[in-house]
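# Descriptive analysis of the structure
Residues per chain are reported as follows:
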Amino acid sequence: MPTAPLQAAFPFLLTIMVAMPAVAGTGRVVVEDRLATSLAISAGDTVRIRLTGEGGAGMPFIIAGTHAPPPDPAGISRTSRTLWMPLPDLEALSDRHDRVSRFVLGLEPGANADSLVTALNGTQLGFRAYHADDVASQSSETFVVISNFHKAISFLSILAGSAFLAAIVLLQVQELRKSLGVLRVLGFSRRRIYLSVVGETVLLANAGATIGVGLALLVSRGVNLYYRRYFDTDLVFSAVTGTHVALAFGIATAVGLVVGSLATVYLFRLQVNEVLGR
Amino acid sequence: MMWRVAIRNVLRHRLRTGFSVAALAIAVALLADMLMLSTGMEKTFNRVLSSVGYEVRVCPAGTLPFGTDAVIAESARVERALAGDARVARTLRVYGTTLYADSLPVVAMGIAGERQSLYRIIEGGDIDAASPPRAGRVPVVLNANAAAELGVAVGDTLRLEATAPGAALAFSGGATVLVTGIMDIDFDLPGQRTLVAPLAMVQRLRPTAPDAASFVLAKLRTEDGDDPLAPAPAADQRGVAAGIEAAFPELSAYSMDALMLALQRQLAYFKQFATILSTISLFITFLLIAVLLTIGVGERRGEIAALRSMGFGQRSIRGMVLAESIVLLAMGAVIGAGLGWLLAGYLDRILTQSPSLPDGYRFFIPEWREIVLAVIISGASGIAAALLPAIQAARVDIPRTLHEEVV
């Protein structure tokens, strides 16, 4: 008989046992879809549930339906599965009465949540009230930290990319110095040469950014495919948005401008005769 | 000779070399940091698990220690089963919950077992040492945070309640406890107030299930009986864990390696991130050296042809180009090693700001081993990248190149 540990709505670990005969007048439960899949149970089936660690046959429940919890990054590594049942049934099952882990309050439209939180916390009845936004903010703190880590790595990547581009552009400028020298002798202004070199550098940087964005789209798709399967979730792990694309091209253009200007300054420091190789 | 030429060639264009070395240094530093990231968390987990001194952990099935509020009911039967195994030296039952000491919530751990190594007493005595309890007061030990925030010292008393002060009016049943010692425990969260008390008292204050325990720890016998933290052979650990799981299907028992494996899931993201970024760093090193040397060799074809016409062999030319790559890589490695070391600290500080991380948890543990490994791998990648331009340089068509360059 397949069994599975479950995390109940308040701190009880339950064991579910399937393929039991139906019993009239039993309670109804809703099970997490992944649990239903792993135990091959569906709506209408009868299961027996008992507290983990306790003997006996447990209590029979009918599967009323399955539920797919919304993707939650905070619970990504959770291995336990969840089921929902009426509180009186859980009280009967656990023999613990009039006890809950938390209350969730829905307010009337226009009600001031902050003042209610303040009033509830002022009662000093042994609980703590939180605004939903505060709970969300606290639970997302880890992801803010990871985002900062990603930003630091991105900054390093930009630095490495900029140094790479600068080295290549300087190489190019040195390779092209003869033709550029001829242009100067023919009367091309510094401004025109500057625009030519900077334009080429910006173009090169943006060509790199185009390939980079293409790679990012591919990698992002791969990351989502892999981690969604790995964690069995519908969460979006990686997203390349319009802002990211604009940022990539913006940074490429800025880096191209700076590096191109630097290369041109370096080129203009060479004397015409030196540039012509004489 | 070739080394001298190579160094001269590299230093001839200082600005270009400066940028190349900067890019290489960042690539080496990133690789070193990613190697540290891929091993740092495992090292931290290993250190914490080893420091506790118990090799086998028994939890409700499918859970990890401190992973849920689920409990093992009638935990004494698990303790008895473990004690019946000749490989087990001692056990410790632990029941973790939140209690209120005076007005503040504290993480309370009820324990039962002898010669515990879960925490270290740094002042006063352990709860076992306080015998007999004075005036019926139950002995407890606190961590330094709890002692400071509750304003108590060894010898003081506290009132413990299962619920917050307001609720205590409605639900009776607290306990007056005597602080017998201050302890240090490895996996406290930053700022966490921790209290350790006898299991029976915590069970009485928080009666979730008969004789409840969050988990049961077992220390196995070792050949080195003098060292309480010396780990038992892995085979023994696995054997004891398998025996418990066979006897209690509703429980999960973890040996050290099984627990590390279970934790891998939580580490997967960072390990894979480290692998991807390491690969990118190596690719950047390869690409940079390949591009720089290919363009550089193309730029100096005339010079190379002249050297060949003066009698320098293909091998010497190849050696010169490879030596250039080694000089660039060496400069990048020296700066990259220092940068990697500094960056590891910086990146670790970013990640350890994450909430719910125990004190002392590290993502990056700077070690020379990872730095040296990064230098070796980057060096190999750079030299591989230099091979093609080196071969191209050695095969230069002397008469044609000299003709083109002169005319």
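With that out of the way, let us pick up the packing of helix α1 (residues 2-12) of chain B against helix α10 (residues 314-351) of chain B. Residues and elements named next belong to chain B. Running from N to C, α1 and α10 cross one another at 50°; their axes reach a closest spacing of 8 Å. Here α1 is positioned oblique relative to α10, judged by the angle of their axes. As α1 runs across α10, the sense of the crossing is right-handed. Touching Met-2, Trp-3, Val-5, Ala-6, Ile-7, Asn-9 and Val-10 of α1 are Ser-316, Gly-319, Met-320, Ala-323, Glu-324, Val-327 and Leu-328, all from α10. Of the residues in the contact of α1 with α10, the class split is 10 nonpolar, three polar and one charged.

Looking now at the pairing of strand β6 (residues 81-84) of chain A. All names here are of chain A. By the alternation rule, side chains of β6 split into Arg-81 and Leu-83, which are all buried, and Thr-82 and Trp-84, of which none is buried. In this sheet, β6 lies alongside strand β3 (residues 27-32) in antiparallel orientation, the contact comprising two bridges. Paired with Val-31 across the strands is Leu-83, a residue of β6.

It is characteristic of soluble globular proteins that their nonpolar side chains tend to be buried jointly. Among the nonpolar cores identified, the biggest contains 79 residues, and A:Ala167, B:Ala23, B:Ile26 and B:Val28 are the most heavily contacted of them. Ignoring anything within four residues of it in the chain, the contact list for B:Ile26 reads A:Leu156, A:Leu159, A:Ala160, A:Ala163 and B:Leu339.

A positive phi angle is found at A:Ala40, which is not glycine, with a value near 55°. One can find A:Ala40 in the loop between α1 (33-39) and β4 (46-51). Of the residues examined, A:Ala40 has 10 C-beta atoms within 10 Å and is grouped as exposed. With phi around 50°, B:Glu74 is a residue other than glycine that occupies positive phi space. Relative to the assigned elements, B:Glu74 resides in the loop between β1 (56-60) and α3 (75-83). Residue B:Glu74 is classed as partly exposed on the basis of its 15 C-beta neighbours within 10 Å.

In this section: helix α2 (residues 14-52) of chain B. All names here are of chain B. For α2, which comprises 39 residues, the first-to-last C-alpha distance of 55 Å matches the rise-based estimate of 57 Å (1.5 Å per residue) to within 8%. The largest bend along α2 reaches roughly 30° and is located at Thr-39. Directly after α2, the chain includes Gly-53, whose backbone phi takes a positive value near 85°.

Per-residue confidence for chain A gives a mean pLDDT of 80; residues scoring 70 or more make up 83%. Low confidence marks residues 1-11 of chain A, where pLDDT is under 50. Its contacts with residues over four positions away, or in another chain, come to 45 contacts.

This paragraph deals with the packing of helix α5 (residues 141-175) of chain A against α10(B). Two numbers describe a pair of packed helices, the interaxial angle and the distance between the axes. Closest axis-to-axis distance for the α5(A)/α10(B) pair is 8 Å, and the angle between their directions is 155°. When the interaxial angle is binned, α5(A) and α10(B) end up roughly antiparallel. Contacts from A:Val145, A:Asn148, A:Phe149 and A:Ala152 in α5(A) reach B:Leu347, B:Ile350 and B:Leu351 in α10(B). A breakdown of the residues in the contact of α5(A) with α10(B) according to their chemical character gives six nonpolar, one polar and no charged.

All names here are of chain B. Extensive coverage of β1 is indicated by the burial of five of its five residues. Alignment of β1 against strand β9 (residues 215-220), held across three bridges, turns out to be antiparallel. Bridging from a neighbouring strand, Val-58 pairs with Val-216 of β9. Alignment of β1 against strand β10 (residues 251-254), held across four bridges, turns out to be antiparallel. Paired with Cys-59 across the bridge in β10 is Ser-252.

What counts, and where the lines are drawn
Residues take numbers from 1 onward in each chain, read along the sequence in its written order. By the order in which they are written, chains take letters starting at A while ligands take numbers starting at 1. pLDDT decides what is reported in this predicted model: residues at 70 or higher carry local features, side-chain atom pairs at 80 or more are listed and counted, and totals for whole chains, interfaces and linings draw on all residues regardless. With axes taken as lines fitted to C-alpha atoms, and helix axes fitted only over the stretch in contact, angles between N-to-C directions fall between 0 and 180 degrees. Here a strand is any run of E in DSSP of at least two residues, a helix any run of H or I of at least four, and the numbering for each starts at the N terminus. Here the word oblique covers every angle except those under 35 degrees (roughly parallel), over 145 (roughly antiparallel) and from 65 to 115 (roughly perpendicular). The sense of a crossing depends on the near helix, which, turned anticlockwise from the far helix by less than a right angle, makes the crossing left-handed and, turned clockwise, makes it right-handed. The contact rule is simple: place each C-beta atom from the backbone, and if two of them lie within 7 Å, those residues are in contact. Amino acids outside the nonpolar list (Ala, Val, Leu, Ile, Met, Phe, Trp, Tyr, Cys, Pro) and the charged list (Asp, Glu, Lys, Arg) are all regarded as polar, and Gly is one of them. Residue burial is a threshold on neighbouring C-beta atoms within 10 Å of the residue's own C-beta, all placed from the backbone, with 20 or more meaning buried, 12 or fewer meaning exposed, and counts in between meaning partly exposed. When DSSP finds two or more bridges between a pair of strands, those strands are recorded as paired. To count as a nonpolar core, a set of buried Ala, Val, Leu, Ile, Met, Phe, Trp, Tyr and Cys residues must be joined through C-beta atoms within 7 Å. Expected helix span is given by 1.5 Å per residue-to-residue step, counting one fewer step than there are residues. Fitting axes to the seven residues ending at a residue and to the seven starting there, one defines the bend at that residue as the angle between these axes. Residue-level confidence of the predictor is what pLDDT reports, using numbers from 0 through 100.

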